[in-house]
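# Understanding the architecture of this molecule
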Amino acid sequence: MSNTPDNPKISSLEDLLAVAYQIEIDAVERYNVLADQMETHNNPELVKIFRDLARAEGIHGEEIRRLAGDFDVVNHARQIAKFGRRESPEEAELGSAHYMMTPWHALQLSLAGEKRALTYFSFVVETATDPKVKALAEDLVEEEAEHVTLVNRLLRRYPPPKDSWAEDLDPPVSQE
Amino acid sequence: MSSVSTRLAHKPADYKSDLKPIWCPGCGDYHVLMSFTRAFAQLGLAPEKIAVISGIGCSSRIPAYTNCYGFHGVHGRSLALAAGLKVTRPDLTVVVASGDGDGYSIGGNHFLHACRRNIDMTYVVMDNRIYGMTKGQPSPTTEPEFDTALTPGGSGVAPFHPLVVALASGANFIARCFSGEPNETADVLAAAITHPGFSFVEILSPCVTFRPDQKEWKELVRPAPVVATNDQGKAARRLMTDDGFNLGVLYRGDRVPFQPAVGASDTDLSVLEKDFEL
Amino acid sequence: MGASPSISIAIVGSGGAGALTTGNSLLEAASAAGWHGLFTRTLGPQIRGGEAAGLLRLAVHPVDCLPGQFDLIIGIDWLNAHRFGDEIKAGPQTLVISDPRGGEPPPMVTRSGARVVEIPMKEMAKSITDGRPNMIALGIASRLLGFSIEQVFAPIAKRLADKGPEAIEASRDGIRAGFDAAAGIDFDAQLAAPNPSDTRRWLLSGNEATALGAIRGGVRFAAAYPITPATEILEWLAPSLAKIGGVLLQAEDELAAINMIIGSSYGGTPALTATSGPGLSLMIEALGLATAAEIPVVVVDVMRGGPSTGIPTKSEQTDLSIAIYGLHGDAPHLVLAPQSVGDCLFTTQWATYLAETLQAPAIVLSDQFMGQSRAAIERPADVAFIGARTVATNISGTYKRYALASNGVSPMAIPGTLGGQYTADGLTHSETGTPTSGATDHLAQLDKRRDKLDHFNFGDHWASVEGTGDLALITWGSLTGAAREAAGRAATDGLDIRVIAPRLLAPVQPERLASALEGVKRILVVEQTHGGQFHRFLRAHYDLPAPVRVFNRPGPLPITAGEIHRAITDWR
């Protein structure tokens, strides 16, 4: 993944700020979509978890925006933060959601996202020629590594679910 | 599959009823009726063991002109009637008659699924590229520039390729005939009836009243330059690129016909009631 | 043992909690122990994980309708339960068991004066390996209702048979935990002892009953296009027909389905399809064909909320008009309506018999309430109504498929019969079936098709007529049960009420209704419609020789016995 042509090319500090910002914003939106799904499907525990994750990503996004100072990072992101055929690295996989999913599942989705972001920023570190870009990329790698640690710690609170976690004795409903 | 009569072979005339067709003189459907009766006679089928099912349109009048069991149903639904009949009466020979309007327009959806289902029956579409019975509107096979009262200057909508649609949907036998060659058509019909599964035969059948230009068809048709293939890819290329006038059996598939086991059963109904007993 | 003839319970839960499984298991346990019962459900719009409430009524006698108020409501959780507020009425006598971590009970519960007892079902389930809150709920319910753990465990064990011994043990542990937790809770409403009965009883839904009725009547071919709430009829028929030499064919749409069954019937095999309002609309043209060509078919319409896509998961009685009047032209045909889950079997069987005998299509108007409710009923008797088509055999000379016969029914030649070749036609035809536009033939055939129905003796099954009294309730379909119960309540007030519910809606039976209405001084028409379709139908075809009031309300909420009773007492 890290050296595929799908990743946006980073040619400047502004580029990296914009892409890093977009990654966080995409993650916020994705976690809110998941939270909405959990709300509609009566899984309140997971609503809270996804909203909390969305909030956390939103905070990271704001930090990056502050780092950018006067530079219009939002607009620049729109131009260059494209991931080709893939989704933005920190976006939790929608296809892995389930109406009876447990906190463990949610944290696994989050962990996978953080790891993908970590891999991407590591790639930027390796390939950056501009020392400012390299430095920021190293900070971002450190930041993502902290997130990974945090999620792992949270995961220790929640045991992996039993095999029967998705068992719903009631049958599906035909609505039309 | 066809059922061979144990009585003396029938003459084609034995398959015609006394009813005089209402078709215009010069209509290709007269020849088609002739081809039907010749094909039935060729196969030695008992008239009472053949069912001719149709929808609405000039071509769909054909059942009453035969001496077989017939069903003149509603517009576009003949294939569904035939499916219900054949699946419960596999002993009958089922021939479905339709036109380009009844079969390809309102009947279009049932066409796809009949090919897909591959029940053993023969589907004959008398294509005159016009809605004749309702006095001259374009059909799904009418040329886009053909001028009609409903579509002055032409519909501007291109026709589709029914034979390609049939192939893509799973038809097991595909042929094109011309009503003006009733003996060749009879041979193809007999082959279609004999061939297991869903056999589709398009018969170009000119409309003398609303498509007098179709008089020239007899100069345009030709025997297909290659023999029938059983390769779907080859057939697709041939059918997509032919000009609509290649005649003969064009595709012969080897799908197994769909026919669930039906018939009298010794099973007592109380077997079904066990679901409910406490 | 208690003294209540009937108890009602609602189990509420969401997100895969399995509330419906709990309700169904209680029904199964109660049925096995000898009680009668009716179970239905109300659901959110999701396909999985939605909010759900299982609604159960258990009784000593057969019950065909739900109560106005519940005796016991168990809330595994209350998420979005306010959506069914109107359907789960509580009152001061109601006991509510609520999980303190399951959210707030909806206003209809908190404002009702009901007694609320908290039991932490989710937490209790967590302390059991593979524990499930709905098993805790099941244990609670069984303790309160007076069942033993084994009684409610039996249906669960059956359900989980292929999930392994751990899952089964976990459920038993859950039931036991709930059972113990409910000890000491006061609950007065206990069912009276069941009537000892040596007749076999069945547990089935109206849709299943419909399907079996068709088979008993002789149906051996079905064409299927799925639609809520009729699909279960077709899904039950698929393997069942195959077991007895019949076949079900899936159709690409309703247009194909109706034509397939006409084709099958034309070939001699009695045939049926099942649909709901939108599908019936599509089938109308071909029903006209079957009428004109005199080909028997049975079309079951499991009515749902309308118009158009409407409310697919709720009941209404608004397809009456299209069933009776929907065919273009003058096209008399048969329309019947079952009155309860069990009656779905008899009515569909009778409809098949009538269709075959009279060579006409029969529309059976069931509805979502009956179709998708499960009931414990007495095993339906085997009745002699098995399709007996008049077929033409040993044909000589010119065969006249539509010969003018004294009773209007002309022998039908089945394809394969020598000498009987004819073309069935929707076109107006002569006696031989040849198309004609002449006045004499058209009139003769119209008379034939009308008279064969009008002159047939349908007997007493045409309606259920019960009671004496000068106030008559006239209703039909699934409201019959509520009407009967309302009449029962009025009787305890000393008021004699007559309940008349036609099972045969078309052809109409003016003399029979006149005789049923003799002595009646007031008529209350009850129907689940917005536009009063049934009332208009009665006025169009029948004499209503007394002042008439109409109590009509559209779906989605059922009309209860209490509401009908109130309408009676309000009319003094």
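These numbers come from a predicted model, not from an experiment.

Strands belonging to one sheet form pairs held by backbone hydrogen bonds; the direction of such a pair is parallel or antiparallel. Residue and element names in this part refer to chain C. Strands sit in the order β6-β5-β4-β1-β3-β2-β14-β7 across an open sheet of 8 strands; the sheet is mixed. The sheet is open, and its two edges are formed by β6 (115-118) and β7 (201-205), each paired on a single side. Recorded for the sheet is a direction-independent mean angle of 15° between the axes of neighbouring strands. Sheet analysis places strand β5 (residues 95-98) next to β6, joined by 4 bridges and oriented parallel. In the sheet register, Val 96 faces β6, and the bridge partner there is Val 116. Sheet contacts for helix α1 (residues 19-32): β1 (6-13), β2 (36-43), β3 (52-59), β7 and β14 (374-378); angle to β3, the most-contacted strand, approximately 10°.

Now for the interface of chain B and chain C. Facing the 47 residues of chain B at the interface are 55 residues of chain C. Summing the contributions of chain B and of chain C, the shared interface buries around 4200 Å²; its carbon and sulfur component is 64%. Contact with chain C buries surface across chain B, with B:Tyr69, B:Phe276 and B:Leu278 losing the most and accounting together for 19% of the total. Scanning the region where chain B abuts chain C turns up 3 salt bridges. One salt bridge in this structure joins C:Glu252 and B:Arg117, with 2.6 Å as the shortest N-O distance. Linking chain B with chain C are 25 residue pairs in polar contact (both at pLDDT 80 or more). Looking at the side of chain B that touches chain C, the elements that each hand over two or more residues are β2 (69-72), α2 (78-88), α4 (108-117) and α9 (270-273) of chain B. Taken together, the residues of the side of chain B that touches chain C sort by class into 24 nonpolar, 13 polar and 10 charged.

On to the sheet that holds strand β17 (residues 471-474) of chain C. Residue and element names in this part refer to chain C. With mixed pairing, the 5 strands of this open sheet are ordered in space as β16-β18-β17-β20-β21. Of all the strands in the sheet, the pair left with one neighbour each is β16 (463-466) and β21 (548-552). Each strand axis lies, on average, 15° off the axis of its neighbour in the sheet, ignoring direction. Sheet topology note: the β17/strand β20 (residues 522-527) ladder contains 4 bridges and is parallel. Counted as the bridge partner of Ala 472 is Ile 523 from β20. Sheet strands touched by helix α17 (residues 533-541): β17, β18 (497-502), β20 and β21. Its angle to β20, the strand with the most contacts, is close to 135°.

With that settled, the discussion passes to the state of the cysteines. Disulfide: a covalent bond connecting the sulfur atoms of a pair of cysteines. Residue and element names in this part refer to chain B. This structure, assessed with the given rule, holds 0 disulfides over all chains. Here Cys 58 stays unpaired: no disulfide links it, and the sulfur of Cys 27, its closest cysteine neighbor, is 6.4 Å away. The exposure class of Cys 58 is partly exposed, given its relative accessible area of 24%. Here Cys 177 stays free of any disulfide, with the sulfur of Cys 27 as its closest cysteine sulfur at 16 Å. According to the relative accessible area criterion, Cys 177 is buried, its value standing at 3%.

What follows is about the arrangement of the chains. Ranking the 2 pairs of chains in contact by number of contacts places chains B and C first. In this view chain A stays clear of chain B, with the nearest C-alpha atoms of the two still 18 Å from each other.

This part covers the pairing of β3(C). All names here are of chain C. Counting buried residues along β3, 8 of its 8 residues qualify, which places the element largely inside the surrounding structure. Burial along β3 is two-sided: the residues Ala 52, Gly 54, Leu 56 and Leu 58 and Ala 53, Leu 55, Arg 57 and Ala 59 are all buried. Bridging between β1 and β3 involves 8 bridges; their strand directions are antiparallel. Paired with Ile 11 across the strands is Gly 54, a residue of β3.

Applying the stated rule across the entire model yields 7 cavities of 30 Å³ or more. Taken as a whole, the largest cavity spans an internal volume of roughly 210 Å³. If you trace the largest cavity, you find 19 residues lining it, with C:Leu66, C:Ser315, C:Phe369, C:Pro556 and C:Pro558 closest to the centre. Within the residue set of the lining of the largest cavity, elements represented by two or more residues are β2 and α13 (368-372) of chain C. Tallied by class, residues from the lining of the largest cavity come to 9 nonpolar, 7 polar and 3 charged. Of the volumes computed, that of the second largest cavity is approximately 150 Å³. What lines the second largest cavity is a set of 21 residues, among which A:Asp168, A:Asp170, C:Gly49, C:Gly50 and C:Ala52 lie closest to the centre. Tallied by class, the residues present in the lining of the second largest cavity amount to 8 nonpolar, 9 polar and 4 charged.

Between chain C and chain A, the residue contacts involve 30 residues of the former and 19 residues of the latter. Taking both partners together, chain C and chain A bury about 2200 Å²; carbon and sulfur atoms supply 50% of that area. Counting across the interface, chain C meets chain A through 3 salt bridges. Notably, a salt bridge pairs A:Glu167 with C:Arg132, separated by 3.8 Å at the nearest N-O pair. Counting across the interface, chain C meets chain A through 17 residue pairs in polar contact (both at pLDDT 80 or more).

Right, let's talk about the confidence of the model for chain B for a bit. Residue and element names in this part refer to chain B. When pLDDT is averaged along chain B, the result is 94; 97% of the residues meet or exceed 70. Here residues 1-7 is modelled with pLDDT under 50, and outside its nearest four sequence neighbours on either side it reaches 23 contacts, counting other chains as well. Taken together, the chains of this predicted complex give a pTM of 0.93 and an interface ipTM of 0.89.

The next subject is the layout of surface pockets. Its volume calculated, the largest pocket comes out at about 1500 Å³. Lining the largest pocket are 45 residues, with A:Glu45, A:Thr102, C:Lys122, C:Lys126 and C:Gly131 sitting closest to its centre. Going through the elements one at a time, α2 (44-68) and α4 (103-127) of chain A together with α3 (121-126) and α6 (165-181) of chain C are the ones with two or more residues in the lining of the largest pocket. Looking at the lining of the largest pocket element by element, the count peaks at 4 residues for α3(C). For the lining of the largest pocket, the per-class residue count stands at 21 nonpolar, 12 polar and 12 charged. Of the pockets and cavities examined, the second largest pocket occupies roughly 1100 Å³. Forming the walls of the second largest pocket are 40 residues, and the residues nearest its centre are C:Asn24, C:Glu28, C:Arg159, C:Glu208 and C:Arg374. Among the secondary structure elements, those contributing two or more residues to the lining of the second largest pocket are α1, β2, α5 (149-159), β7, α8 (231-243) and α13 of chain C. The greatest single-element share of the lining of the second largest pocket, amounting to 6 residues, is contributed by α1(C). Considered class by class, the residues forming the lining of the second largest pocket number 17 nonpolar, 11 polar and 12 charged. Of the domains in this structure, domain 1 (6-181) and domain 2 (205-378) of chain C are the two that each give at least three residues to the lining of the second largest pocket.

Conventions we followed
- Residues numbered from 1 in each chain as written.
- Chains lettered and ligands numbered in written order.
- Predicted model: local features only at pLDDT ≥ 70, side-chain atom pairs only at ≥ 80, totals over all residues.
- Heavy atoms only, no water.
- Pairing = 2+ DSSP bridges.
- Helix = DSSP H or I, 4+ residues; strand = E, 2+ residues; numbered from the N terminus.
- Axes fitted to C-alpha atoms, helices over the stretch in contact; angles between N-to-C directions.
- Contact = heavy atoms within 4.5 Å.
- Buried area = accessible area lost by both parts, 1.4 Å probe.
- Salt bridge = Lys/Arg side-chain N within 4 Å of Asp/Glu carboxyl O.
- Polar contact = N/O pair within 3.5 Å; in protein donor to acceptor, adjacent residues only side chain to side chain.
- Nonpolar A, V, L, I, M, F, W, Y, C, P; charged D, E, K, R; others polar.
- Disulfide = S-S within 2.5 Å.
- Buried < 20%, exposed > 50% of the residue type's maximum accessible area, 1.4 Å probe, protein only.
- 1 Å grid on protein atoms, 1.4 Å probe; cavity = no way out; pocket = protein on both sides within 12 Å on 5 of 7 lines; lining within 4 Å.
- Points joined across faces, edges and corners; volume = space filled by probe spheres on them.
- pLDDT = per-residue confidence, 0-100.
- Domains from an automatic or database assignment.

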